[in-house]
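Okay, here's what each chain looks like letter by letter:
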Amino acid sequence: MRTQVAIIGSGPSGLLLGQLLATIGVETIILERSSREHVLGRVRAGVLEQGTVDLLGEAGAADRLHAQGLLHAGISLAFDGRLHRIDMTALTGGKHVTVYGQTEVTLDLMQKREAAGLTTVFETSNVALHDFDGAAPFVTYAKDGATHRIDCDFIAGCDGYHGVSRRSAPEGALKTFERQYPFGWLGVLAEVPPADHELVYANHQRGFALCSMRSPQRSRYYVQVPADERVEAWSDERFWDELRRRLPPQTAAAVTTGPSFEKSIAPLRSFVAEPMRFGWLFLVGDAAHIVPPTGAKGLNLAASDVRYLFAGLREFYRDKSEAGLDAYSAKALARVWKAVRFSWWMTSMLHYFPEAGEFGQRIQEAELDYLVHSKAASTALAENYVGLPY
Ligand SMILES: Cc1cc2nc3c(=O)[nH]c(=O)nc-3n(C[C@H](O)[C@H](O)[C@H](O)COP(=O)(O)OP(=O)(O)OC[C@H]3O[C@@H](n4cnc5c(N)ncnc54)[C@H](O)[C@@H]3O)c2cc1C
């Protein structure tokens, strides 16, 4: 088989890149390790920057997003027993974010790809990347007991943190930066109306909590738990009790409880791999970087990488210029590091760090108090949250 761009991974970055390339007539084949059902069943991010929404529109996959996505003009920070609203729209000259689940983004992109008759090979194994620093890259994979080969111009490594693409970088060529946090997020999805019409980020001595949602009838809640916590230790009842203890009284009273239909623990980590390009192999999204979800940046960063890589590939195929591809890694990383910084800052300010003691708690309280009373500080939060310019 031959294609122009072989894409490894059918998460949001692989699917979005494939769809954008389809709009300019560039052929792609996506290789995915999991089944279609598994990919569509993964509950993850839910807050989209305007730039991500615009890019999904450019890919022709934003009709349902525009019809069903919830526009949010602000978030609330909860501490000291009260809610403090940050009016992001007022502070950023009219910008907002859109709440729309990653599962829905993935479904929209997948349906678009299927309707256009483009190839995705699910349930592949032993995907291997070859000769991407030479003139004739190719990818091999196993499926149904046979080995297959795809020759291509470029390989896009969109296969997430645990994928094969980053591991295929030449020895010594990759520099990595990492911070592990000593806690994770226990998340619950339930078919109940949200406690607030906007997201509530709570700092509490018992630990962080987040009230989020996927729709006016579906809530997503999180509580900070130790990194080695087991999800089996959390009945729904225990979860709802703990969540409400960490919220201001009026927000706790507004929590509607109900049976959860998804419950999982995600570890929190910051990770960046540099560079994001090795010859004709490009790393995209979680394959190159991970951020803790506190700033809602993971999915949005994946989209911003796609935007830069798509621009480079378009320039290559339309104008026969490699300038955009040459600039890809540096451009993407400049934006990645700003989001890594923002996510680390939000995480540091809002979570309970056992080792920081009472001094750390007082510093957090002072920072939150400053943040909600200083227009300059609130604006810095707002402009990062809605998404920095490309
Ligand atoms: C549990 C969890 C919760 C999260 N919650 C949030 C959140 O609340 N907010 C937020 O902003 N972000 C969140 N994120 C981050 C966000 O979901 C990711 O940033 C986003 O999914 C990145 O998209 P991606 O396409 O780059 O990678 P992925 O979504 O990881 O997709 C990679 C794809 O590649 C496939 N793959 C892997 N290895 C191979 C291989 N060898 N061969 C072929 N295919 C392969 C995988 O099966 C997968 O389908 C969360 C992530 C996780 C894991």
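These figures come from a predicted structure and were not determined experimentally.

### Section: the environment of S125
Looking at the secondary structure, you find S125 in strand β9 (residues 125-130). Placed 46 residues apart in sequence, S125 and E171 show a C-alpha to C-alpha distance of 23 Å. In this structure, S125 is in contact with Y141 and A142, ignoring residues within four places of it in sequence.

### A look at the packing of helix α1 (residues 12-23) against helix α9 (residues 298-319)
The N-to-C vectors of α1 and α9 enclose an angle of 30°; their axes lie 9 Å apart at closest approach. Taken together, α1 and α9 sit at an angle that is classed as roughly parallel. Seen from above, α1 lies across α9 with right-handed handedness. Between α1 and α9, the residues in contact are P12, S13, L16, L17, L20, L21 and T23 and L299, A302, A303, V306, L309, F310 and L313, respectively.

### Details of the packing of α9 against helix α10 (residues 323-350)
Helix packing for two helices is described by the angle between their axes and how far apart those axes are. Running from N to C, α9 and α10 point in directions that differ by 165°, and their axes come no closer than 8 Å. By the criterion of interaxial angle, the relationship of α9 to α10 is roughly antiparallel. In the packing of α9 onto α10, the handedness of the crossing is right-handed. Side by side, α9 and α10 meet where N300, L301, S304, D305, Y308, L309, G312, L313, E315 and F316 of the first sit next to A323, G324, L325, Y328, K331, A332, R335, V336 and A339 of the second.

### Considerations on the nonpolar core
Core analysis: the biggest nonpolar cluster contains 68 residues, and V5, L16, L17, L31, L309 and L313 have the highest contact counts within it. For this core, the leading source of residues is α9, giving 9 residues. Not counting the four nearest positions on each side in its chain, L17 is found in contact with I7, A156, C158, V306, L309, F310 and L313. In this structure, F183, L210, M349 and L350 belong to the second largest nonpolar core, which totals 33 residues.

Rules of the game
Numbers given for residues are sequential positions, taken from 1 along each chain in its written order. With the structure being a predicted model, the display of local features is reserved for residues of pLDDT at least 70 and the display and counting of side-chain atom pairs for 80 or more, all residues being used for whole-chain, interface and lining totals. Hydrogens and water are ignored here; the side-chain numbers use all heavy atoms of the structure. Helix numbering and strand numbering both begin at the N terminus, where a helix is a DSSP run of H or I of at least 4 residues and a strand a DSSP run of E of at least 2. Between two residues, a contact is recorded if the distance between any of their heavy atoms is within 4.5 Å. Structural elements are reduced to axes, namely lines fitted to C-alpha atoms, with helices fitted over the stretch in contact, and the angle between N-to-C directions of any two is expressed from 0 to 180 degrees. Orientation is classified from the angle alone, with under 35 degrees giving roughly parallel, over 145 giving roughly antiparallel, 65 to 115 giving roughly perpendicular, and any other angle giving oblique. By definition, any crossing whose near helix is turned counterclockwise from its far helix by less than a right angle is left-handed, and any crossing with a clockwise turn is right-handed. Among the buried residues, those of types Ala, Val, Leu, Ile, Met, Phe, Trp, Tyr and Cys that are joined through side-chain atoms within 4.5 Å form a nonpolar core. Burial classes follow relative accessibility: with a 1.4 Å probe on protein chains only, a residue under 20% of its type's maximum area counts as buried, one over 50% as exposed, and anything between as partly exposed.

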